[in-house]
Amino acid sequence: MIRARSIARRKGGAISKPHILRDEGGFTHLTEENKLPDDRIAVIRIPVLGDNYTYLLVRGEAAVAVDPGDPGSVLGFLETRGLRLAAVLCTHHHSDHTGGNRALKASTGCGVYGPDDPRIPGLDHPLAEGKQVGIGGDGTFAVQIIAVPGHTRTHVAYRLSAPAVLFSGDCLFPGGCGRVVEGSYAEMFDSLRRLSALPDHIAVLGGHEYTEENLGFALSVEPGSARVAERRRKMAALLKTGEPPPGGVIVEERETNPFLRSDDPLLKRALGMEGASAVEVFTALRKKKDMFVW
Ligand SMILES: [Fe+2]
């Protein structure tokens, strides 16, 4: 399980401050509270705009901002830590993921990377699927681009190998998935299946904090699932201690995220869809989630 260490504690239950992410295998070892590692890439999660997350990759003095919806929160963190922004990396064009692009580019001179889509503000490094690119000038930050259309036509996810993380934007969330806005349900299903096939240990870092709602939905469609109930119980216990919400890892998503289990006979039975195809089950689930009241 991925845990997040608060730089500042939650106030009144709201997550409002950046956290340094670490996992129990230790992709980010902290030598003391809140100290960034010198020699490895650290991943910082910054809550912005209510329920969005911007992520910062930091190595030495160089940083990359993933999906900067709000420029101020990124600039504030860079300033207090004495960091230089090398690049912005966007998963898709929605303004809550790109709203900071132009201001960050203007104030730092950074490059803007993303899928080849003119709707991404300030884009000057369009990326092609399947490629591995080194960003940040000297290629310090090597990312693999995975096309995941469905939420939007040109949505991509980014995978790093060290640390083993996946920036999944609004495609895959811990416990859930994004809405199908521009693509077809079949496209979104294929995109999720591609992410589900990644190695077990990769951390899933989505573009929003919806985990409690997602697990609530998962239990509502499959009340008898011991695995989903256990995941929800663990998360509730963690939040009670004042820790920020955890992320997920691929193996956990494969086992408990209903949108990755559309071909599971247990889930099909729970939905009364035993004879349906996996795409049909996914479509029914996603439409049900659109109407779910949390
Ligand atoms: Fe979006």
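Residues numbered from 1 in each chain as written. Predicted model: local features only at pLDDT ≥ 70, side-chain atom pairs only at ≥ 80, totals over all residues.

A separate point is the packing of helix 5 (residues 211–221) against helix 6 (residues 226–240). Where helix 5 contacts helix 6, the axes come no closer than 10 Å and their chain directions differ by 155°. By the angle between their directions, the pair helix 5 and helix 6 is classed as roughly antiparallel. The handedness of the crossing between helix 5 and helix 6 is left-handed. The residues of helix 6 that touch helix 5, namely those facing Thr-211, Glu-212, Leu-215, Ala-218 and Leu-219, are Val-228, Ala-229, Arg-231, Arg-232 and Met-235. Looking at the contact of helix 5 with helix 6 residue by residue, the classes come out as 6 nonpolar, 1 polar and 3 charged. (Axes fitted to C-alpha atoms, helices over the stretch in contact; angles between N-to-C directions. Helix = DSSP H or I, 4+ residues; strand = E, 2+ residues; numbered from the N terminus. Parallel < 35°, antiparallel > 145°, perpendicular 65-115°, else oblique. Left-handed = near helix turned anticlockwise from the far one by under 90°. Contact = placed C-beta atoms within 7 Å. Nonpolar A, V, L, I, M, F, W, Y, C, P; charged D, E, K, R; others polar.)

Attention now moves to the confidence of the model for the chain. Looking at the chain as a whole, the pLDDT averages 88, with 87% of positions reaching at least 70. Under a pLDDT of 50 for its full length, residues 23–32 has, in the predicted model, 20 contacts with residues more than four places off or in other chains. (pLDDT = per-residue confidence, 0-100.)

What sets the pattern is the α-helix's 3.6 residues per turn: residues three or four places apart point alike. Within the span of helix 5, buried status applies to Thr-211, Asn-214, Leu-215, Phe-217 and Ala-218. Down the axis, helix 5 shows its buried residues gathered within 155° of arc, on one side only. The inward-facing, buried residues of helix 5 contact strand 13 (172–173), strand 14 (176–177), helix 6, helix 7 (250–256) and helix 9 (278–290). (Buried ≥ 20, exposed ≤ 12 C-beta atoms within 10 Å, placed from the backbone. Arc of directions from axis to C-beta.)

Looking now at the pairing of strand 12 (residues 165–169). Residues in a regular strand point their side chains to alternate faces of the sheet. Among the 5 residues in strand 12, 5 count as buried, and that is most of the element. Burial of strand 12 is two-sided: the residues Val-165, Phe-167 and Gly-169 facing one way and the residues Leu-166 and Ser-168 facing the other way are all buried. Linking strand 11 (residues 156–160) to strand 12, which pair antiparallel, is a turn of 4 residues. Where strand 12 and strand 15 (residues 203–206) come together, 4 bridges link them in parallel fashion. Counterpart to Phe-167 in the pairing with strand 15 is Leu-205. (Pairing = 2+ DSSP bridges.)

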